[in-house]
Amino acid sequence: MCQLHLAAISDMYLIAKISLDLALDSLGDNDRELVSVLLSDLYGYCVLTDHDHRAFLACLQEVDDLILDCPDVATILGKFLARAVADDCLAPKFIQTQLDQFSHESVSHQSLKVAEAYITMKHGLVELDTVWNCGDVRKPVKFLVKKMKYFLSEYLESLDFENMSKNLSELGVPHFHHELVYWLTVMCMEANACTTGCHILDKDNENIETLFSLLEKLTSSVIVTQNQFETGLKHVYDDIVELAIDIPGAYPSLEAFAKRCEKDPLDILSEEYHTQLQNIGASALKSVGISHI
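Given the structure is predicted, the values throughout are model-derived calculations rather than measurements.

## What about the overall build of the chain?
Turning to step 1, where the next piece is worked out: The helix and strand tally for the chain stands at 16 helices and zero strands.
Turning to step 2, where the next piece is worked out: Once local pairs closer than 6 in sequence are excluded, the contacts in the chain between residues at least 24 apart make up 70%.
Turning to step 3, where the next piece is worked out: Of the roughly 14700 Å² of accessible surface on the chain, a fraction of 53% belongs to carbon and sulfur atoms.

## So, unusual backbone geometry
Turning to step 1, where the next piece is worked out: In this model, Asp264 is joined to Pro265 through a cis peptide bond whose omega is 5°.
Turning to step 2, where the next piece is worked out: Its place among the elements puts Pro265 in the loop between helix 15 (250-262) and helix 16 (271-287).
Turning to step 3, where the next piece is worked out: One non-glycine residue, Leu159, lies in positive phi territory at about 60°.
Turning to step 4, where the next piece is worked out: Relative to the helices and strands, Leu159 resides in the loop between helix 8 (141-158) and helix 9 (161-171).
Turning to step 5, where the next piece is worked out: At Val222, a position not held by glycine, the phi torsion is positive, near 60°.
Turning to step 6, where the next piece is worked out: Turning to its location among the elements, Val222 is positioned in the loop between helix 12 (206-220) and helix 13 (226-238).
Turning to step 7, where the next piece is worked out: The exposure class of Val222 is exposed, given its relative accessible area of 54%.

## A look at the environment of Leu285
Turning to step 1, where the next piece is worked out: Mapped onto the elements, Leu285 comes out in helix 16.
Turning to step 2, where the next piece is worked out: Considering only alpha carbons, one finds Leu285 and Ala244, 41 residues apart in sequence, at a separation of 9.0 Å.

## Quick notes on a nonpolar patch on the surface
Turning to step 1, where the next piece is worked out: A contiguous nonpolar surface patch, about 260 Å² in accessible area, is contributed by Leu14, Ile18 and Leu22.
Turning to step 2, where the next piece is worked out: In this structure, Leu22 sits in helix 1 (residues 13-25).

## What about the pattern of salt bridges?
If the charged atoms of two oppositely charged side chains come close together, the side chains can form a pair.
Turning to step 1, where the next piece is worked out: Summed over all chains, the structure comprises eight salt bridges.
Turning to step 2, where the next piece is worked out: The shortest N-O distance in the salt bridge between Arg32 and Asp29 comes to 3.2 Å. With a gap of three residues between them, Arg32 and Asp29 both fall in helix 2 (residues 29-42), about one helical turn apart.
Turning to step 3, where the next piece is worked out: When its relative accessible area of 10% is taken as the criterion, Arg32 is described as buried.
Turning to step 4, where the next piece is worked out: Arg260 serves as the salt-bridge partner of Glu209, at 2.8 Å between the closest nitrogen and oxygen.

The rules behind the values
- Residues numbered from 1 in each chain as written.
- Predicted model: local features only at pLDDT ≥ 70, side-chain atom pairs only at ≥ 80, totals over all residues.
- Heavy atoms only, no water.
- Helix = DSSP H or I, 4+ residues; strand = E, 2+ residues; numbered from the N terminus.
- Contact = heavy atoms within 4.5 Å.
- Areas by Shrake-Rupley, 256 points an atom, 1.4 Å probe, with all protein chains shown as cover.
- Buried < 20%, exposed > 50% of the residue type's maximum accessible area, 1.4 Å probe, protein only.
- Patch = residues over 30% accessible without salt bridge, like charges linked within 9 Å, V, L, I, M, F, W, Y side chains within 5 Å.
- Salt bridge = Lys/Arg side-chain N within 4 Å of Asp/Glu carboxyl O.

All we've got here are geometric facts, nothing functional implied.
Structure follows, in structure tokens:
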């Protein structure tokens, strides 16, 4: 990685471009999945949005020359474009903007139409995580976070715990279930901020009560262990400054959530550990001049 810092900033897009060239030219689906993971992992580290835009634009401008050697190149590049959007490396508007720049007969336009179709299909942004049909490569953190958030949203709609358990089992990352706790907590905080009063403690918000019921099921079935619960909740306290920017009354809501976790029927948070978390949250808020009261 240290060698990447030696490259000129203006040439950073070449990292993405060369990786895509290799993937379009000769690699199989397993390796294409790894290239997608690479682009996702490098994004924000040394490859920025503008770099990805330049890399994909360069590929679009050259892709017509590859059709003889690779008849499926339009589909392959379209999948890469759509996956980059799903991984937040490309803005969705990039696809729409570029559609107007290439003739309808060009391979470039075909690639963009493939990407558009993937992005707009039902649950497309989630399904794109498996666009290369590979189950054996490393799952990037962004992929796992997206899955956890999707499972929670799906449960709020269906209330199907059996299906959620099945999906979590198939995902095969029990060590990452702390992320469920993180996003479940954040969703409760967001719901509490939508209206006045403290609905977490008053127990009068349907979504909040559904999420607490889910948390009880997750912990009682040991899908979420005690350690995973504590790790996930600590993550929320660690991020309280960033969360407070977008969620009104974030810290009081978080404290209300923690207090309910101390009591029956959950009884999964000890007073001692809660005090440690309070100190973490209060210190973080104080460091940026925000009162935690």
